[in-house]
Amino acid sequence: MTDSKYFTTTKKGEIFELKAELNSDKKEKKKEAVKKVIASMTVGKDVSALFPDVVNCMQTDNLELKKLVYLYLMNYAKSQPDMAIMAVNTFVKDCEDPNPLIRALAVRTMGCIRVDKITEYLCEPLRKCLKDEDPYVRKTAAVCVAKLHDINAQLVEDQGFLDTLKDLISDSNPMVVANAVAALSEIAESHPSSNLLDLNPQSINKLLTALNECTEWGQIFILDCLANYMPKDDREAQSICERVTPRLSHANSAVVLSAVKVLMKFMEMLSKDLDYYGTLLKKLAPPLVTLLSAEPELQYVALRNINLIVQKRPEILKHEMKVFFVKYNDPIYVKLEKLDIMIRLASQANIAQVLAELKEYATEVDVDFVRKAVRAIGRCAIKVEQSAERCVSTLLDLIQTKVNYVVQEAIVVIKDIFRKYPNKYESVIATLCENLDSLDEPEARAAMIWIVGEYAERIDNADELLESFLEGFHDESTQVQLQLLTAIVKLFLKKPTETQELVQQVLSLATQDSDNPDLRDRGYIYWRLLSTDPVAAKEVVLAEKPLISEETDLIEPTLLDELICYIGTLASVYHKPPSAFVEGSRGVVHKSLPPRTGSSESAESPDTAPSGGPAADQPSVIPTQGDLLGDLLNLDLGPPVSGPPMATSAVQMGAVDLLGDSLLRSDVGGSPAMGGSGGSFTPAPSTTAPTNVGAPLGSGLGDLFDLTGGVGTLSGSYVAPKTVWLPAMKAKGLEISGTFSRQVGSISMDLVLTNKALQVMSDFAIQFNRNSFGLAPAAPLQVHAPLAPNQSVEITLPLNTVGSVMKMEPLNNLQVAVKNNIDVFYFSTLYPLHILFVEDGKMERQMFLATWKDIPNENETQFQIKDCSLNADAVSSKLQGSNIFTIAKRNVEGQDMLYQSLKLTNGIWVLAELRIQPSNPSFTLSLKCRAPEVSQYIYQAYETILKN
Amino acid sequence: MIHSLFLINASGDIFLEKHWKSVVSRSVCDYFFEAQERASEAENVPPVIPTPHHYLLSVYRHKIFFVAVIQSEVPPLFVIEFLHRVVDTFQDYFGVCSEVIIKDNVVVVYEVLEEMLDNGFPLATESNILKELIKPPTILRTVVNTITGSTNVGDQLPTGQLSVVPWRRTGVKYTNNEAYFDVIEEIDAIIDKSGSTITAEIQGVIDACVKLTGMPDLTLSFMNPRLLDDVSFHPCVRFKRWESERILSFIPPDGNFRLLSYHVSAQNLVAIPVYVKHNISFRDSSSLGRFEITVGPKQTMMPKSVLNMTLTPSQGTHVFDPVTKLLSWDVGKINPQKLPSLKGSVSLQAGTSKPDENPTINLQFKIQQLAISGLKVNRLDMYGEKYKPFKGIKYMTKAGKFQVRT
């Protein structure tokens, strides 16, 4: 007799029959009927019509029947809210039952019924259960608070359940503590600003005690909570680490990984000279290795995390290469991850082993995996210089196999090896050329064409080879077309006599017969270059290319540090910070590793985060360039031009140069189309009039900007006086001062460049680092003539807010790189937030009221604006000039209350209440915003506007 | 936390759904089906799939996909580990875990799932406790229940749930008091063409079956505890004692449980107990190839173009599946005097060139009364109870993922 009988139906109609059975007098029959209902429910059938009949069965002393009815209620109460009320009485009664199991069951089920009317009745029983003498009931009630919060957050706060929940953290029973932590963490996630889990050394101690005694799942919650704590010094960090280490031996892999997270994070605070630091490093390796013997799904998550750990602290797993060797029956997702980690761990010591393995993988069945393996060999060559030769010979062996996709991948990676070690392995070109005909994938074809073009002087029949590609020019993909164009131009510059016809053919193909703008533009550039100044063309197209390095596939250090804080979470699986993919990105708190204390250089207090520039009010030059340099160059340095290409004056050159560099950097393993163009995309360095490349628009635009530059403070929002951002002594004689302004909807940066050096400066270009509001130059930096010594030039650089976004500390920090013919300089500055207030920031009255109510109270912040003698009307009009709009004005007990709204460029609304007392020169400003972290800066903006 | 669970069978039908918070429409599984379609085999479906509003985390066991739906940032290992626990619990309850058995016991399954999670937080996952809350179905109980009208839902709070030893119930009584420990080791290894070991490691576990009255307190010591430097314990083991004295001291759960699992890396490895001599060659000219294997292999994957194989074993039976290209050879017991071998010819698809990839031999074997790492239990003592238990220890070595490349 099995439950499958519940699925059989009769002809009369299932629902009808069930109804009859549910109303039967016989208990046994009733129970069977409810079971049938549940069975239908599990397979997704709609049995909600039976609601009243099932609820009628609830009043019973048979626990199984009761549980079954509860299961039904949870599923269908929402669709029948009025009927669900019928059940309330039973719940309330059950919450008083002498049996703790029943009390817990009632409070648990009630929380799952997501009907507003029921929640009102739930409060009293829940309050009692939170203080129940039985820990089982208490721990169930703790979770119920989280459920209730999900349905009605306001109710939970009003009823004071959050405080009761916080008290439960000190409960005598570890399971209750764990559940309270879990519930609080879940609530905190939807309420980032509320300081629910206020951790201090005492509460940490309690958590650590509970950690040893609670269930495995509870341990995960507690460990994840611990990871958010910031120990006050390295001693506290060490003592927490000591108490967390035993968790590494837990059988539950999630516990292990959460423990690893805590250790990795707190380790940051320990001095590397400490004995304990070394011990800890040693202890971390075995559990990570053990994770790899678990089920494949667990392995996958573990591997994604190990990938981060290996990048952060390669020393932990450097001897464990072998555990990452691929087994042929591993699922493909595990194989690919293992491969990636193998390359990260590859070093001179183990390269022989790694290569032997990779070669083995290249003969596997799975095509995707084989391709990755071949690429991996190339990455090894670039990473471990001593192994390059061996890698190349391995690749040649693979090419000999003549397996089509292996050959193609091998050629793609050999191109990268040429870029890394020029003039070393060119002897293999002959072998590569033999395989020309078998290449059918664009990437491989493009790579091969690049090689032929680059080494045209060593390949006797280079012209024939390229010509053969030219025949089907229009059928090729863009990547190949671009590459072919560049390669033929290179060939022409190297052997001009015999290839004139060829180059003309390709140029006309590219410019006249192609619809692709990229291809056409590049064709025109080459054409003009070659026709105006072949010598310059040679310098540009055949310029020496910077070497590529292996670092490009690493995660950017700041991102890596952030991801380390998210070990074990989804963020660690995607290798993206939660803000990048968590829905609505509400509630995302930027996490950062704690700074190292105890070591010599930093005696800072732990609350100053290590990232970000110095938080001084004055713009300051960043002292250490190393970090920032990396950041700036890793930027997505897409062309800063948003409109049509600007005129090519000498200045332009610099900007594009910067662009060129970045392309090269991002090129390892990338497309040869980009690689080849690295040095050659630069347009003519002609100093003639800017009439080039079909963009007469350019100069016009430039003029326009000049015009606006002149009208600096005509209207629009307040503009602060210029301050020196980059002193001359820090920038080899270039002094930059500037300010920000906003007129009629556009933001600009007003700069004064002064040449205090003895030589002429030219080729100016500017780049911004990613910043909180996506500020980016909307046009390149236009300096029309070289800047003579002791001369200065005023420039207005239009900005837009469509650049990439990264939260900065402080929020309005902007890091800037300026380049000229001498060097690249970096500085950072703080921009006033009011340049971001948009013109349509006036909110409807009704809307204002609703929004004000809607934003939770903890998002409200109050500030004092001192010594301001304006009256309410003057304030209002002054603020209006900077796009802060007064929506209503009220007079309450002699005080003027101004209600104002403003909107930021990224769509964040800020609501303000400004209280002005006639006799008192200080105003009270209350700000409400869904993103409370901006409030402080809004206040600063208010103050600057009002006081000037 | 965990929002919902869907069980999906190999043909892509959702045959069970359970929601712990609000109901998530089953259309969310469409994203899973998409991923399933893209993956060549069921094993290759990625375990984490993002969708616009949810994340789908899945495990594939017993030809069933267990797909959990989550909405917020939850540790994925937590979810995956929990899903595996669900499978283990089903297996524990019903003996096997299959679509048929789950459908047959759908109400029990539903009740159990409800006990395991509350609002997506794990509630009771220890099988001891679950079994007290929801009794597993047995034929006898069903009969008794129908006669007496009693239920298979326990109406008392499980005793162990809140005690310091949540894994053990109180009031356990046995007439025969016994404690058995099985030391089982699996070797994972990759052997290359020439027969040298590329990598080898041992995954060991000690599974226990303890049926002792009352609250016994056991200590287990080893002859060579140094071997165990990478261990994970059942929560019952006192970690401090292990750290200081290298002794396992614990109050055991009642019944079957895994006391300890450990990992011994290649450095400490003793010789590999099995060797394979192979000679597999494909020839370019003819559509025939030679095949010869000596000693205990069991499974070989052949390249796609292989049509059939004509082989004669010296002992055991062999099967070649022309669809999956899988050759299995069940060797039986190995006699050291006369080594078993499998010899014959391989016929290839006419017209195709010889295959590029080499088949890999997958080995399965068992060696009784040997723990390959050399681990030995020294003694087992019991405190806290007066009676004398019957003790037993068994050793076994098995092949885990043992692969020989050719």
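About the thresholds
Residues numbered from 1 in each chain as written. Chains lettered and ligands numbered in written order. Predicted model: local features only at pLDDT ≥ 70, side-chain atom pairs only at ≥ 80, totals over all residues. Heavy atoms only, no water. Helix = DSSP H or I, 4+ residues; strand = E, 2+ residues; numbered from the N terminus. Contact = heavy atoms within 4.5 Å. Areas by Shrake-Rupley, 256 points an atom, 1.4 Å probe, with all protein chains shown as cover. Buried < 20%, exposed > 50% of the residue type's maximum accessible area, 1.4 Å probe, protein only. Expected span 1.5 Å × (residues − 1). Buried area = accessible area lost by both parts, 1.4 Å probe. Salt bridge = Lys/Arg side-chain N within 4 Å of Asp/Glu carboxyl O. Pairing = 2+ DSSP bridges. Axes fitted to C-alpha atoms, helices over the stretch in contact; angles between N-to-C directions. pLDDT = per-residue confidence, 0-100. Parallel < 35°, antiparallel > 145°, perpendicular 65-115°, else oblique. Left-handed = near helix turned anticlockwise from the far one by under 90°. Nonpolar A, V, L, I, M, F, W, Y, C, P; charged D, E, K, R; others polar. Phe/Tyr/Trp six-rings, centres within 6.5 Å; stacked < 30°, edge-to-face > 60°. Lys NZ or Arg CZ within 6 Å of the ring centre and 35° of its normal. Patch = residues over 30% accessible without salt bridge, like charges linked within 9 Å, V, L, I, M, F, W, Y side chains within 5 Å. Lys, Arg positive; Asp, Glu negative; His and termini not counted. Charge placed at Lys NZ, Arg CZ, Asp CG, Glu CD.

Chemist: Sorry, what's going on with the overall build of chain A here?
Modeler: Within chain A, the secondary structure is distributed over 38 helices and 13 strands. For chain A, the proportion of contacts with a sequence separation of at least 24, taken over those separated by at least 6, is 68%. Carbon together with sulfur atoms contributes 51% to the accessible area of chain A, which is approximately 38800 Å² in total.

Chemist: Please explain the overall build of chain B as it appears in this structure.
Modeler: Regarding its fold elements, chain B presents 7 helices and 24 strands. For chain B, with 406 residues in total, the buried portion stands at 55%. For chain B, restricting intrachain contacts to residue pairs at least 6 apart in sequence, the fraction spanning at least 24 positions comes to 66%. Accessible surface for chain B amounts to roughly 17800 Å². Of this, 52% is attributable to carbon and sulfur atoms.

Chemist: In this structure, what is going on with helix α21 (residues 388-400) of chain A? I would like to understand it.
Modeler: Every α-helix carries 3.6 residues per turn, so stepping three or four residues along brings you back to the same face. All names here are of chain A. An ideal rise of 1.5 Å per residue puts 18 Å on 13 residues; α21 measures up with 18 Å between its terminal C-alpha atoms. For α21, the set of buried residues is Ala 388, Cys 391, Val 392, Thr 394, Leu 395, Leu 396, Leu 398 and Ile 399. The elements touched by buried residues of α21 are α19 (351-361), α20 (367-383), α22 (404-420) and α23 (429-434). Note on α21: the residue one or two positions beyond its end, Lys 402, has a positive phi of about 65°.

Chemist: Explanation requested: the interface of chain B and chain A in the structure shown.
Modeler: Accessible area lost on assembly of the parts is the figure often given for the size of an interface. Across the boundary between the two partners, chain B contributes 93 residues, which contact 94 residues of chain A. Approximately 8200 Å² of surface area, both sides summed, lies buried where chain B meets chain A, with 59% of it carried by carbon and sulfur atoms. Our count for the chain B to chain A interface comes out at 8 salt bridges. For Glu 186 of chain A, the salt bridge goes to Lys 21 of chain B, with nearest N and O atoms at 3.3 Å.

Chemist: Quick question: what am I supposed to make of the sheet that holds strand β7 (residues 813-819) of chain A here?
Modeler: Within a sheet, adjacent strands bond to each other through the backbone by hydrogen bonds, running parallel or antiparallel. All names here are of chain A. Reading across from one edge, β4-β7-β8 is the order of the 3 strands in this open sheet, with antiparallel pairing throughout. Strand pairing shows two members of the sheet lacking a second neighbour, β4 (765-768) and β8 (824-830), which therefore form its edges. Geometrically, the sheet is characterised by an average inter-axis angle of 25° between neighbouring strands, direction not taken into account. As paired strands, β4 and β7 are joined by 4 bridges and run antiparallel to one another. Within β7, the residue paired with Ile 766 across the bridge is Val 818.

Chemist: Please clarify how the confidence of the model for chain B should be interpreted in this entry.
Modeler: Close reading of the predicted structure is inappropriate where its pLDDT is low. Residue and element names in this part refer to chain B. Considering every residue of chain B, the mean pLDDT works out to 79; 79% of them sit at 70 or more. Looking over chain B, one finds the lowest element-wise mean pLDDT in strand β16 (residues 299-301), namely 46, and the highest in strand β5 (residues 64-70), namely 93. Note that pLDDT drops below 50 for residues 296-302; the model gives that stretch 40 contacts with residues more than four away or on any other chain. Interface predicted TM-score (ipTM) for the complex: 0.80; the corresponding pTM is 0.67.

Chemist: Would you mind going over the packing of α21 of chain A against α22 of chain A with me for this structure?
Modeler: Packed helices, taken two at a time, are described by the angle their axes make and the gap between the axes. Residue and element names in this part refer to chain A. One can describe the packing of α21 onto α22 by two numbers: an axis separation of 9 Å at closest approach and a directional angle of 155°. As judged from the angle between their axes, α21 and α22 are roughly antiparallel. For α21 against α22, the interelement crossing comes out left-handed. On α22, the residues that touch Val 392, Leu 395, Leu 398 and Ile 399 of α21 are Val 406, Val 407, Ala 410, Val 413, Ile 414 and Ile 417. Here the contact of α21 with α22 is composed, by residue class, of 10 nonpolar, no polar and no charged.

Chemist: What is the right way to read the pairing of strand β1 (residues 2-9) of chain B from this model?
Modeler: On a regular strand, one side chain projects to one face of the sheet and the next to the other, so that they alternate. Residues and elements named next belong to chain B. Here β1 lies mainly inside the structure; 8 of its 8 residues are buried. Bridge count for β1 against β5 is 7 bridges, and the pairing is antiparallel. Bridge pairing in β5 places Ile 2 opposite Ile 70. With 5 bridges connecting them, β1 and strand β2 (residues 14-19) associate as antiparallel partners. Residue pairing in the sheet places Leu 7 in a bridge with Leu 16 of β2. Between β1 and β2, which pair antiparallel and follow one another directly, the connecting turn spans 4 residues, one of which, Gly 12, has a positive phi of 85°.

Chemist: Honestly, the sheet that holds strand β10 (residues 217-222) of chain B in this entry has me stumped. Any pointers?
Modeler: Residues and elements named next belong to chain B. Taken in spatial order, the 3 strands make up an open sheet running β12-β10-β23, and their pairing is antiparallel. Every other strand in the sheet has two partners, leaving β12 (247-250) and β23 (377-383) as the edge strands with one partner each. Taking the axes of each pair of neighbouring strands and ignoring which way they run, one obtains an average angle of 15° across the sheet. In this sheet, β12 lies alongside β10 in antiparallel orientation, the contact comprising 4 bridges.

Chemist: I tried to follow the pairing of strand β21 (residues 360-363) of chain B on my own but got confused; where do I start?
Modeler: All names here are of chain B. Residues Thr 360 and Asn 362 line one face of β21 and the alternating positions Ile 361 and Leu 363 line the opposite face, and both faces are buried. The pairing of β21 with strand β24 (residues 390-405) spans 4 bridges and is classified as antiparallel. Directly across from Ile 361, in β24, lies its bridge partner Val 404.

Chemist: Explanation requested: the side chain of Asp 53 of chain A in the structure shown.
Modeler: By the secondary structure assignment, Asp 53 of chain A is in helix α3 (residues 51-56). Filtering out sequence-adjacent residues up to four positions away, Asp 53 of chain A remains in contact with Lys 19, Leu 22 and Asn 23 of chain A.

Chemist: Can you help me understand unusual backbone geometry in this one?
Modeler: Leaving glycine aside, a negative phi is the common case for residues, and trans is the common case for peptide bonds. Residues and elements named next belong to chain A. In this structure, Asp 763 is a non-glycine residue whose phi angle is positive, near 55°. Note that Asp 763 resides in the loop between β3 (746-755) and β4. Given the relative accessible area of 22%, Asp 763 is considered partly exposed.

Chemist: I keep staring at the pattern of salt bridges and nothing clicks. Help me out?
Modeler: It is possible for side chains bearing opposite charge to pair when their charged atoms get close. Following the criterion strictly, the structure yields 49 salt bridges over all chains and no others. Between Asp 340 of chain A and Arg 379 of chain A there is a salt bridge; the shortest N-O distance is 3.2 Å. Highlighted residues: Asp 340 of chain A in helix α18 (residues 332-345) and Arg 379 of chain A in helix α20, separated in sequence by 39 residues. Here Arg 379 of chain A falls in the partly exposed class, since its relative accessible area comes to 26%. Of the charged contacts in the structure, one is a salt bridge between Arg 238 of chain B and Asp 217 of chain B, with a shortest N-O distance of 3.1 Å. Within this pair, whereas Arg 238 of chain B is found in the loop between β11 (231-233) and α7 (239-245), its partner Asp 217 of chain B is found in strand β10, the two being separated by 21 residues in sequence. Arg 238 of chain B gets classed as partly exposed once you look at its relative accessible area, which sits at 32%.

Chemist: What should I look at first to understand the packing of aromatic side chains in this one?
Modeler: Going through the model one piece at a time under the given rule, you end up with 28 aromatic pairs over all chains. Between Tyr 361 of chain A and Phe 369 of chain A, the aromatic rings sit 5.4 Å apart at their centres with planes inclined by 40°, giving tilted as the arrangement. Each member of the pair, Tyr 361 of chain A as well as Phe 369 of chain A, carries the same accessibility label: buried. Aromatic ring contacts, followed pair by pair, group Trp 217 and Phe 221 of chain A together with Phe 78, Phe 82 and Phe 121 of chain B into a single cluster. A cation over a ring is seen here: Lys 335 of chain A above Phe 369 of chain A, with NZ or CZ 5.1 Å from the ring centre. Lys 18 of chain B extends its terminal NZ or CZ atom over the ring of Tyr 110 of chain B, reaching a point 5.0 Å from the ring centre.

Chemist: I keep staring at a negative patch on the surface and nothing clicks. Help me out?
Modeler: A cluster of acidic residues, Glu 464, Glu 467, Glu 471 and Glu 501 of chain A, forms a negative patch at the surface. Mapped onto the elements of the fold, Glu 501 of chain A is located in helix α27 (residues 500-512).

Chemist: How do you make sense of the confidence of the model for chain A when you look at a structure like this?
Modeler: Within chain A, residue pLDDT values average 78, and 84% of them lie at 70 or more. Note that pLDDT drops below 50 for residues 598-715 of chain A; the model gives that stretch 177 contacts with residues more than four away or on any other chain.

Chemist: Where do I start with the environment of Ala 49 of chain A in this structure?
Modeler: Residue and element names in this part refer to chain A. In this fold, Ala 49 is placed in the loop between α2 (27-42) and α3. Residues Ala 49 and Gln 80 lie 31 residues apart in sequence; the distance between their C-alpha atoms is 9.4 Å. Those residues within four positions of Ala 49 in sequence are excluded, and the remaining contacts are Ile 15 and Lys 19.

Chemist: Looking at this structure, how should I read helix α26 (residues 478-494) of chain A?
Modeler: End to end, α26 of chain A covers 24 Å across 17 residues, agreeing with the expected 24 Å (1.5 Å per residue, within 8%). Among the 17 residues of α26 of chain A, 14 are classified as buried, and the element is accordingly described as predominantly covered.

Chemist: Please clarify how the side chain of Thr 397 of chain B should be interpreted in this entry.
Modeler: When you line up the elements, Thr 397 of chain B lands in strand β24. Using a relative accessible area of 0% as the deciding quantity, one classes Thr 397 of chain B as buried.

Chemist: Can you help me understand the environment of Leu 83 of chain B in this one?
Modeler: Residues and elements named next belong to chain B. Turning to its location among the elements, Leu 83 is positioned in helix α2 (residues 76-94). Residue classification places Leu 83 among the buried residues on the basis of a relative accessible area of 2%. Residues Leu 83 and Phe 65 lie 18 residues apart in sequence; the distance between their C-alpha atoms is 10.0 Å. Beyond its immediate chain neighbours, meaning those up to four positions away, Leu 83 contacts Leu 5, Leu 57, Ser 58, Val 59, Phe 66 and Ala 68.

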